[in-house]
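Chain by chain, the residues run as shown.
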Amino acid sequence: MPVEFNRDTGIINLHNEKISYIIQILGNRYPVHRYFGKYIPNYSNLDDLPKGNHAFAVDTTEDFPFSITSLPLEYSTIGDGDYHQPAYLIKDEQNHWLPTLKYCGLSITDKLPHGNLPQSIGDSSEVTTLVLHLADDVTKLQMDLNYTIFENLSLIIRSTTLHNLGKSALTIDALDSLQLNLSDDNFISFTLNGTHAHEANPMTSQIDSGIQLQHSFRGTSGPQHQPFIALSRPETSQFNGEVIGTALIWSGNFEDSIEVDQYQKTRLKIGLEPTTFSWQLKPQTDFQTPEAILTWSNHGYNEMSQIFHQFSTQTKLSKPSPIAINTWESMFFNVSDSKLSKLINKAASLDIEMVVLDDGWFTNRNSEQGQLGDWQVDSNKFPNGLLPLVERAHQRKLKFGLWIEPEMVTTNSNLFQEHPDWVLKYANRPLVTARHQLVLDLSREVVREHLLKTITNLVKSNQLDYLKWDMNRHLTQVGNTQLPATEQGEIYHHYVLGLYDLLNKLRQSCPNLIIENCFAGGGRLDFGMASYTNQTWLSDLTDSYDRTKIANGFSYLFPQAIFSNHVSAVPNGQNHRSTPLESRLQLASIGQMGFELDLEKLSVEQKDSIKKQIETYKNWRKLFLYGSFYRLTEINDLNIAWLITSSDKKTAIFFYSYGLTSSVRKIQNMPLHYLKDNINYSVNNRIYSGLQLNQIGLAISPSKQDFETSLIFITENSHPSN
Ligand code: DGJ
């Protein structure tokens, strides 16, 4: 039984064989946090909660000798004595904040909380959800704190559900998915930050008295900050040490924060961004927050990543995608039937498996200023439409995919002319465009219905196998003329729910369609989008050296199976760097492989190299995509090394990215850490014990040219060692 509840002490131990999450129902009144970490089977109540009155705390009472000012409440608000950042702010009819809600019971189910949100998936054999019921007697609000545990994962899923059982509407101004108290402040914070073409940079900082906060006001999750934060001990490395990580399964505005209080206690929170969120909770209605994933690891960042990766394979639609050639970097808007026909032939001759027609295939789209929203094939560029091309690709055993940016519209489209009210906008204010485009109001069903019909028709009538779902601007003027003034604060939230609804229905109408998530690269790679899409275009930066760093950053959270990396031309269009073709091919092999090159311009040698790597990729595809992924270099190391192992550890791939060459001819040993000590391995025709490779490792000689990489295949040596 993964939930043990001792009614006498009020202690609840939610656990599996790896972790315990311990809560105490204090005085039958408030759930307080006692512990999160390695499984403790027989936790007995510690006397470590401050009792009695103390300076600047709200008074205690005879029947409850604790002051909520200094209690590690599981979920707290301000207004009646907890002075930390609030996890919830809910107003009654008088515009007064509700007090700290009181415990009124618990239930245990084998289900996840319901809702129209992306969720962790699990059947009843492996999932247990503890629900703590809290309530406010005056307004009749019921609040459920949901804690889900899986049989084999070192993580808890947390969320909050509100049920307004009263007669008046309440206003939710803040509602986090998770609050977690930690009993000291000896932590480093770890976050992933960036910008367009520079996504997912790991950042560590010392936490200190006060509040450290990250958020998105952009209507989408990133790429400035990832909806994720970890707290680790100062000595934590990739391999050892304690890390607590939390990430939100959500693709819109979020906030995470760390607060260190006057007693050097730390409070971690993650959830909906409160400034851009407010919600009228009408009588007899419910509200469900997104889920937060909370991981615990005692073996460093790699173990944290393994937990996120394992969780992610439960939620994501994992299937190997065909090796793609995408038209964007070689043709930009200048696409045509004849170019695509040639591309199909060339791609087939190189054993590529899919042709993707990127931006520019539809009417009036010859530049970024062009039209978006109508999704009609440009008959000047494709006089016969797309279907004959798709059929030709299929005949040559290639799949065919298309780029689309469904959430957008431009004023020069027929769609906007017919439905000017379908965009997000403020009444009586000039429209704000970005990349010359406006955002469709996905909070409205009529808009979503139109999009679903249009996209489904596009996919079915053209027999498309794949869609690259792009988005190239953030939200502004998030309002509409539909909702009353009191509900305008809900539109950011409805937008994301609308997006999920649309993706969900598209999945149902086109079940075999591969969807690639793209926000001008990895600008909306989060656990929400990862639940609806098969893979993600990691960045618009295709330079292999910098993209390795971006992939390294995203690997803290996501498995490489969803990374889409393409071989592009040099010098690179974004950063003008030239990297060796081998390095570009090797990086593209880790994840979903693809190309952006002009195949017409390849030399015979280049074609040979490409064909060879494609063959290698196909032979090792399962491991490249689904092997367990480990980082072998530390957060601040200049170079990057990865190890990908099969689950039985009999095969592995080692990847190393060198930076600049050096006149110092230093040979470095790179321990591999994650092989099996007692297996003998064959590496480059030599035999090594796993123990030696784990402890001493492979020798890395200096590179001969800038930005080289190496890719080494490691297999079990089946011959007895001599
Ligand atoms: C941004 C994407 O990241 C690119 O790969 C490309 O599809 C362009 N949009 C097209 O406009």
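Above this text is the structure in question.
A brief look at the structure comes next. (Residues numbered from 1 in each chain as written. Predicted model: local features only at pLDDT ≥ 70, side-chain atom pairs only at ≥ 80, totals over all residues. Heavy atoms only, no water.)

Our next topic: the overall build of the protein chain. When you go through the protein chain residue by residue, the secondary structure sums to 12 helices and 38 strands. By the compact-globule yardstick of 27 Å for 722 residues, the protein chain fits well, its C-alpha radius of gyration being 27 Å. Looking at the 722 residues of the protein chain, the share that counts as buried comes to 61%. Pairs at least 24 apart in sequence give 68% of the contacts found in the protein chain among residues at least 6 apart. Of the roughly 28100 Å² that the protein chain leaves accessible, carbon and sulfur atoms contribute 48%. (Helix = DSSP H or I, 4+ residues; strand = E, 2+ residues; numbered from the N terminus. Rg over C-alpha atoms; globule rule 2.2 N^0.38 Å. Buried < 20%, exposed > 50% of the residue type's maximum accessible area, 1.4 Å probe, protein only. Contact = heavy atoms within 4.5 Å. Areas by Shrake-Rupley, 256 points an atom, 1.4 Å probe, with all protein chains shown as cover.)

Taken together, 13 residues are adjacent to the ligand, and Asp358, Asp359, Lys468, Asp470 and Asp540 come closest. Here aspartate 359 contributes a side-chain N or O atom positioned 2.7 Å from an oxygen atom of the ligand. In the model, an oxygen atom of the ligand is placed 3.3 Å from a nitrogen or oxygen of the glycine 521 main chain. Taking 300 Å² as the accessible area of the ligand by itself, protein coverage stands at 99%. When grouped by side-chain class, the residues that make up the shell around the ligand number five nonpolar, two polar and six charged. (Near = heavy atom within 4 Å. Polar contact = N/O pair within 3.5 Å; in protein donor to acceptor, adjacent residues only side chain to side chain. Nonpolar A, V, L, I, M, F, W, Y, C, P; charged D, E, K, R; others polar.)

Taking 1.5 Å of rise per residue, the 13 residues of helix H3 (residues 337–349) would be expected to cover 18 Å, and the 19 Å separating its terminal C-alpha atoms lies within 8% of that figure. Along H3, the positions that sit buried rather than exposed are Asp337, Leu340, Ser341, Leu343, Ile344, Ala347 and Ala348. Angularly, the buried residues of H3 cover 160° about the axis, an arc narrow enough to put them on a single face. The secondary structure elements touched by the buried residues of H3 are strand E21 (324–326), helix H2 (328–331), strand E22 (354–357), helix H4 (387–395) and strand E23 (399–404). (Expected span 1.5 Å × (residues − 1). Arc of directions from axis to C-beta.)

A separate point is the sheet that holds strand E1 (residues 3–6). Across the sheet, which stays open at both edges, the four strands sit in the order E1-E2-E3-E4 with antiparallel pairing between neighbours. Across the chains shown, the open sheet's two edge strands, defined by having one partner strand only, are E1 and strand E4 (30–38). The sheet shows a mean angle of 15° between the axes of neighbouring strands, direction not considered. Two strands pair when backbone bridges link them, and strand E2 (residues 11–15) and strand E3 (residues 19–26) are joined in this way by five bridges, in the antiparallel orientation. Counterpart to leucine 14 in the pairing with E3 is tyrosine 21. (Pairing = 2+ DSSP bridges. Axes fitted to C-alpha atoms, helices over the stretch in contact; angles between N-to-C directions.)

We now examine the pattern of salt bridges. Opposite charge on two side chains makes pairing possible when the charged atoms of those side chains draw close. In this structure the tally under the stated criterion is 23 salt bridges. Across the pair aspartate 176 and lysine 269 runs a salt bridge whose closest N-O atoms are separated by 2.5 Å. Pair noted here: aspartate 176 is in strand E10 (residues 170–182) and lysine 269 is in strand E17 (residues 266–272), with a separation of 93 residues, a long-range link. Relative accessible area serves as the criterion here: at 4%, aspartate 176 is assigned to the buried category. Given the relative accessible area of 4%, lysine 269 is considered buried. Residues arginine 524 and glutamate 407 are paired through a salt bridge, measuring 2.8 Å at the closest nitrogen-oxygen approach. Taken as a pair, arginine 524 in the loop between strand E27 (514–517) and helix H8 (529–532) and glutamate 407 in the loop between E23 and strand E24 (408–409) lie far apart in primary sequence, 117 residues in all. The burial state of arginine 524 is the same as that of glutamate 407; both residues are buried. Connected via shared salt-bridge partners are Asp543, Asp546, Lys549 and Arg577. (Salt bridge = Lys/Arg side-chain N within 4 Å of Asp/Glu carboxyl O.)

The next subject is the packing of aromatic side chains. A complete count under the given rule lists 37 aromatic pairs for this structure. Judged by centre distance (4.9 Å) and plane angle (50°), the ring pair of tyrosine 545 and phenylalanine 707 falls under tilted. Of the two residues, tyrosine 545 sits in helix H9 (residues 544–554) while phenylalanine 707 sits in the loop between strand E37 (698–700) and strand E38 (709–716), which places them 162 residues apart along the sequence. The buried category is assigned to phenylalanine 707, whose relative accessible area is 10%. Chaining the aromatic ring pairs together yields one cluster made of Phe150, Phe190, Phe228, Tyr301, Phe308, Phe311, Phe527, Phe554, Tyr556 and Phe558. The ring of phenylalanine 707 is capped by arginine 577, whose NZ or CZ atom sits 4.6 Å from the centre of that ring. Sitting over the face of the ring of tyrosine 556, arginine 631 holds its NZ or CZ atom 3.6 Å from the ring centroid. (Phe/Tyr/Trp six-rings, centres within 6.5 Å; stacked < 30°, edge-to-face > 60°. Lys NZ or Arg CZ within 6 Å of the ring centre and 35° of its normal.)

Turning our eyes to something else, we now look at unusual backbone geometry. The phi angle of most residues is negative, glycine excepted, and most peptide bonds adopt the trans form. Cis geometry is adopted by the peptide bond preceding proline 223, which originates at glycine 222 and carries an omega value of 5°. Note on placement: proline 223 falls in the loop between strand E13 (210–215) and strand E14 (228–232). In this model, histidine 436 sits at a positive phi of 70°, which is unusual for a non-glycine residue. Following the sequence through the fold, histidine 436 ends up in the loop between helix H5 (414–418) and strand E25 (438–439).

Further remarks concern the packing of H3 against H4. Contact geometry for H3 and H4: axes closest at 10 Å, N-to-C directions at 10°. With respect to their mutual orientation, H3 and H4 come out roughly parallel. Within the contact between the two elements, H3 uses Asp337, Leu340, Ser341 and Ile344 and H4 uses Leu389, Arg392 and Ala393. For the contact of H3 with H4, the residue count by class is four nonpolar, one polar and two charged. (Parallel < 35°, antiparallel > 145°, perpendicular 65-115°, else oblique.)

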